[in-house]
Amino acid sequence: MTCACNIPLTLLFTVLIPGVPVYACTPPERPFLPTSREDMRTYADLIRGDFEAYIADVQDYFRCLDEERTRVFVEAKEVSEEYGRFVEAVE
């Protein structure tokens, strides 16, 4: 008999739970704004680009959250139905 005592836990999860999708919405990182007006002027194009990218990324993030909420709502309904079948089976 082989002992799995030395197998890392993450490897076990990878092997035991194949194909399980990972859902994660990662919020965008807030853009940096220098406190100095001189720095703002010097790096205006870079800062503008960072803020525009943030706005686009935050919209993607909100869409992701909406999609995740919808997915979890459907999953919760399915789990509730499965639990109902389970309760009926054990009564």
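Conventions we followed
Residues numbered from 1 in each chain as written. Predicted model: local features only at pLDDT ≥ 70, side-chain atom pairs only at ≥ 80, totals over all residues. Heavy atoms only, no water. Helix = DSSP H or I, 4+ residues; strand = E, 2+ residues; numbered from the N terminus. Buried < 20%, exposed > 50% of the residue type's maximum accessible area, 1.4 Å probe, protein only. Areas by Shrake-Rupley, 256 points an atom, 1.4 Å probe, with all protein chains shown as cover. Disulfide = S-S within 2.5 Å.

All right, on to the overall build of the chain then. Helix and strand counts for the chain come out as three helices and zero strands. Taken from N to C terminus, the helices and strands of the chain fall in the order α-α-α. Per-residue burial for the chain yields a buried fraction of 9% across its 91 residues. Accessible surface, the chain: about 8400 Å² in total, of which carbon and sulfur atoms supply 59%.

A word on the state of the cysteines. Following the criterion strictly, the structure yields one disulfide and no others. Residue Cys-25 pairs covalently with Cys-64 via a disulfide, S to S 2.0 Å. Negative torsions about the S-S bond denote left-handed disulfides, and the value of about -85° found for Cys-25 with Cys-64 makes this one left-handed. Placement of Cys-25 in the loop between helix 1 (9–16) and helix 2 (37–42) and of Cys-64 in helix 3 (residues 44–90) is noted, with a sequence separation of 39 residues between them. A residue is classified by how much of its surface remains accessible, and Cys-64, at 24% relative accessible area, is partly exposed.

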